Amino acid sequence: MQPVLPPYLIARWLVLIVLLVGLFFLKDFLIPVLGALVIGLASWPLYKKLLARCRYRYTVAATLALLMFIGILLIPLALALSFVIQEASSFVIWALVVNREGAPVPTWLAELPFVGEHLTEYWGMYLGEPHALGALVEMISGEHLGNIYRMVLTATGDVVHLLLNLLFFLITLFFVYKDGDRILAQIDIIGERILPKRWQRFSRVVPATVNSTVTGMGLIAIGEGVVLGVAYWIAGVPSPALLGAVTGFMALIPGGAPLSFTLVSIYLLSSGKIMAGVGLFLWGSIELFIVDKTLRPRLVGGPVKLPFLPTFFGLVGGVKTLGFVGLFIGPVLMALLVAIWREWLLNEVPFESNS
């Protein structure tokens, strides 16, 4: 009597079940692991050069790469993030005071051309009356303003959880560097069995896409956030670190960075700071021109150029699902989906049956 299911199919289902069970037990560490994989793939070309200089001593090269990542990226980003959190907390405290007492309409807002009258009306409706802001926030987010402040305090105070995630991230990144070649070779073997006709081309698109998305978009966004944040500070804008972080986030979206510094420039002009407003706008325009003409074509030159909508969905969905790490993982996943879609359209179906 023949079995109901062939042995190879039973083996595949068993492997799938084991993988799902493993993912279930590791779900709390999924975010640091994904972050380490993305950073490892993005920095892989640089790591290969470092590995050659270390005469292919993998442990030494992986240790040096990890120390360079901590010193060059992790520590400066942690310091910048602490300033952003402080300014965000101050902003939430201001919002609580405004919600309790109301706030008068600023004179510069009423003097804005074309939109000043409408903005003054909205300010009086949502900020001028006590408890109006809280009602607006609760209507939009479903959360009370006080609860949002407590969530901010809880997120910043959960140091142990943050340090554990950081530790798992760094350990995973070390082994991605140390054993990356062997992992990639094993993935190539499995990929050739699943997609024998397509794997070589598709497997080369994935790291190039990750490298282009993270290295290009990420470094440009961080750079624009830092440069324009310094410009905000020089111009005397309130909360320059927070606005610089917002500008860096917006720089991930096409057209986001110019929109950010233009709005801040309009605020300065309306506040009577003519020279600061004009100087900030010129600073931002020149910086944007240099980036678009020199850095962006070199860094964001991968095989997949993301349109606006997938970029936006990847950013919002990534942050909502994975938090800060989703800023980079979301666009990477969308870039991979776009790559698969284009491969499917322009060539034969990549997941066709081999029978």
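Residues numbered from 1 in each chain as written. Predicted model: local features only at pLDDT ≥ 70, side-chain atom pairs only at ≥ 80, totals over all residues. Heavy atoms only, no water.

A. Quick peek at the overall build of the chain. Scanning the chain from N- to C-terminus turns up 15 helices and zero strands. Considering only intrachain contacts with a sequence separation of at least 6, the fraction spanning at least 24 residues in the chain is 69%. For the chain, the exposed area adds up to about 22200 Å²; of that, 74% sits on carbon and sulfur atoms. (Helix = DSSP H or I, 4+ residues; strand = E, 2+ residues; numbered from the N terminus. Contact = heavy atoms within 4.5 Å. Areas by Shrake-Rupley, 256 points an atom, 1.4 Å probe, with all protein chains shown as cover.)

B. Focus on the packing of aromatic side chains. On inspection of all chains with the given rule, the structure shows five aromatic pairs. Ring centres of Tyr-47 and Tyr-177 lie 4.8 Å apart, and the angle between their planes is 25°; this geometry places the pair in the stacked category. Taken together, the residues Tyr-47 in helix H3 (residues 44-53) and Tyr-177 in helix H9 (residues 159-194) connect sequence positions 130 residues apart. Comparing Tyr-47 with Tyr-177 shows no difference in burial state: the two are buried. Ring centres of Phe-69 and Phe-169 lie 5.7 Å apart, and the angle between their planes is 50°; on these two criteria the pair is classed as tilted. (Phe/Tyr/Trp six-rings, centres within 6.5 Å; stacked < 30°, edge-to-face > 60°. Buried < 20%, exposed > 50% of the residue type's maximum accessible area, 1.4 Å probe, protein only.)

C. Layout of the environment of Thr-262. By the element assignment, Thr-262 lies in helix H12 (residues 256-270). As for Thr-262 and Phe-281, which are separated by 19 residues in sequence, their C-alpha atoms are 6.3 Å apart.

D. Spatial organisation of helix H4 (residues 58-101). Between its first and last C-alpha, H4 extends 61 Å over 44 residues, near the 64 Å set by a 1.5 Å rise per residue. Maximal helix bending in H4 amounts to about 40°, located at Ile-70. Inspection of H4 places Ala-61, Ala-62, Ala-65, Leu-66, Phe-69, Val-84, Glu-87, Ser-89, Val-92, Ala-95, Val-98 and Asn-99 among the buried residues, and these make up the whole buried set. (Expected span 1.5 Å × (residues − 1). Bend = angle between axes of the 7 residues up to and from the residue.)

E. Representation of the environment of Pro-207 within the structure. Its place among the elements puts Pro-207 in helix H10 (residues 199-235). Taking C-alpha positions, Pro-207 is 9.7 Å from Leu-336, a pair spaced 129 residues apart along the chain.

F. Geometry of the nonpolar core. With 16 residues, the main nonpolar core has Tyr-47, Phe-169, Leu-173 and Tyr-177 as its most contacted residues. Looking at this core, the elements that each hand over two or more residues are H3, H4 and H9. With near-sequence residues (within four places) excluded, Phe-169 lies in contact with Pro-32, Gly-35, Ala-36, Ile-39 and Phe-69. Judged by nonpolar contacts, the second largest core, of 10 residues, contains Leu-228, Ala-231, Val-237 and Leu-288. (Core = buried A, V, L, I, M, F, W, Y, C linked by side-chain atoms within 4.5 Å.)

G. A look at the environment of Thr-107. Within the secondary structure, Thr-107 is located in helix H5 (residues 107-110). Given a relative accessible area of 60%, Thr-107 falls into the exposed group. Taking C-alpha positions, Thr-107 is 8.6 Å from Ser-270, a pair spaced 163 residues apart along the chain.

H. Region of interest: the packing of helix H11 (residues 240-251) against H12. H12 packs onto H11 with a crossing angle of 150° between their chain directions and a minimal axis gap of 7 Å. Regarding the angle of H11 to H12, the classification is roughly antiparallel. Each of Leu-243, Thr-247, Met-250 and Ala-251 in H11 lies in contact with H12, whose residues at this interface are Gly-256, Ala-257, Leu-259, Ser-260 and Val-264. Each residue belonging to the contact of H11 with H12 can be placed in one class, and the counts come to six nonpolar, three polar and no charged. (Axes fitted to C-alpha atoms, helices over the stretch in contact; angles between N-to-C directions. Parallel < 35°, antiparallel > 145°, perpendicular 65-115°, else oblique. Nonpolar A, V, L, I, M, F, W, Y, C, P; charged D, E, K, R; others polar.)

I. Highlighting the pattern of salt bridges. Here the structure, examined in full by the defined rule, presents three salt bridges. Residues Asp-179 and Lys-178 are paired through a salt bridge, measuring 3.4 Å at the closest nitrogen-oxygen approach. Judged by relative accessible area, which is 22%, Lys-178 ranks as partly exposed. Residues participating in the shared-partner salt-bridge network are Lys-178, Asp-179 and Arg-182. (Salt bridge = Lys/Arg side-chain N within 4 Å of Asp/Glu carboxyl O.)

J. Expanded view of the confidence of the model for the chain. For the chain, the mean per-residue pLDDT works out to 77, and 83% of the residues sit at or above 70. Confidence, read as mean pLDDT per element, is least for helix H8 (residues 145-157) in the chain (57) and greatest for H3 (90). In the model, residues 348-355 has pLDDT below 50 throughout and makes 14 contacts with residues more than four positions away in sequence or in other chains. (pLDDT = per-residue confidence, 0-100.)

K. Geometry of the packing of H4 against H11. Following both chains from N to C, one finds H4 and H11 inclined at 110°, their axes separated by 8 Å at the closest point. The pairing of H4 with H11 is recorded here as roughly perpendicular in orientation. Facing H4, whose interface residues are Phe-83, Val-84, Glu-87, Ala-88 and Phe-91, H11 presents Pro-240, Ala-241, Leu-242 and Ala-245. For the contact of H4 with H11, the residue count by class is eight nonpolar, no polar and one charged.

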